[in-house]
Amino acid sequence: MAGPVKGKQATRGQKQIVDENKSTLRFYKLVIAICNAFFLVVTYFFFWDAFTMFYQFLWLSVGGLCFATFQVMVRMAKASYSATGQLLDGGTDLNMESGMAEHLKDVILLSAVVLILSLLSNYCWLFLLVAPARAIYLLWVNLLAPWFFAPAPEEVSEKKQKKMERKMAKRQ
């Protein structure tokens, strides 16, 4: 039995990233297809009279959102190969934690859940507002609040300024 691994943790190879990206994309493609198919079948058999233009617009909007999000993920995961077929770059790792792909996957899952829950109640369409609310929250926490509430740069005294200028002059 091997003991604890010492040193730097091994990084994943480009080939492994390509394989995992393919399986991730396949999974999310299935999620989108199955949820849309289930929604359409149930709507057709049980709620066809209530499937008005408004709900058709909502369904098409969610479908467009899923399609656009999935296409962004496909572009991020696109691998590049040399003329001989050798892998040059595996693309962005879609399974990386706290990356942009993580937010894209959340949008697809939120859309799929809302689509299924909307069969139970039309008020479930309002859960789609969670995505822009989260985007605003992340924008505030990661960008705006640190910028607005950053401490002012401290004033450097004239004596310290001259000392720093002499140090810089010596280095050159």
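Refer to the structure presented above.
This text gives an overview of the structure that appears in the document.

Calculation notes
Residues numbered from 1 in each chain as written. Predicted model: local features only at pLDDT ≥ 70, side-chain atom pairs only at ≥ 80, totals over all residues. Heavy atoms only, no water. 1 Å grid on protein atoms, 1.4 Å probe; cavity = no way out; pocket = protein on both sides within 12 Å on 5 of 7 lines; lining within 4 Å. Points joined across faces, edges and corners; volume = space filled by probe spheres on them. Helix = DSSP H or I, 4+ residues; strand = E, 2+ residues; numbered from the N terminus. Nonpolar A, V, L, I, M, F, W, Y, C, P; charged D, E, K, R; others polar. Contact = heavy atoms within 4.5 Å.

## Comments concerning the layout of surface pockets
Here is step 1: Taken as a whole, the largest pocket encloses approximately 250 Å³ of empty space.
Here is step 2: Together, Met100, His103, Leu104, Asp106, Val107, Leu110, Val130, Ala131, Arg134, Ala135 and Leu138 line the largest pocket.
Here is step 3: When contributions to the lining of the largest pocket are tallied by element, the ones reaching two or more residues are α3 (100–117) and α4 (130–148).
Here is step 4: Broken down by element, the lining of the largest pocket gets its largest block of residues, six residues, from α3.
Here is step 5: Its residues placed into classes, the lining of the largest pocket shows eight nonpolar, one polar and two charged.
Here is step 6: Here the second largest pocket defines a volume of roughly 170 Å³.
Here is step 7: Along its surface, the second largest pocket is lined by Phe39, Thr43, Phe47, Ala50, Phe51, Tyr55, Ser118, Leu119, Asn122 and Trp125.

## Observations concerning the environment of Leu87
Here is step 1: Following the sequence through the fold, Leu87 ends up in strand β2 (residues 87–89).
Here is step 2: Placed 69 residues apart in sequence, Leu87 and Val18 show a C-alpha to C-alpha distance of 9.3 Å.
Here is step 3: Setting aside chain neighbours within four positions, we find Leu87 in contact with Gln14, Lys15, Val18, Ala79, Ser80 and Tyr81.

That's the geometry; what it means functionally is another story.
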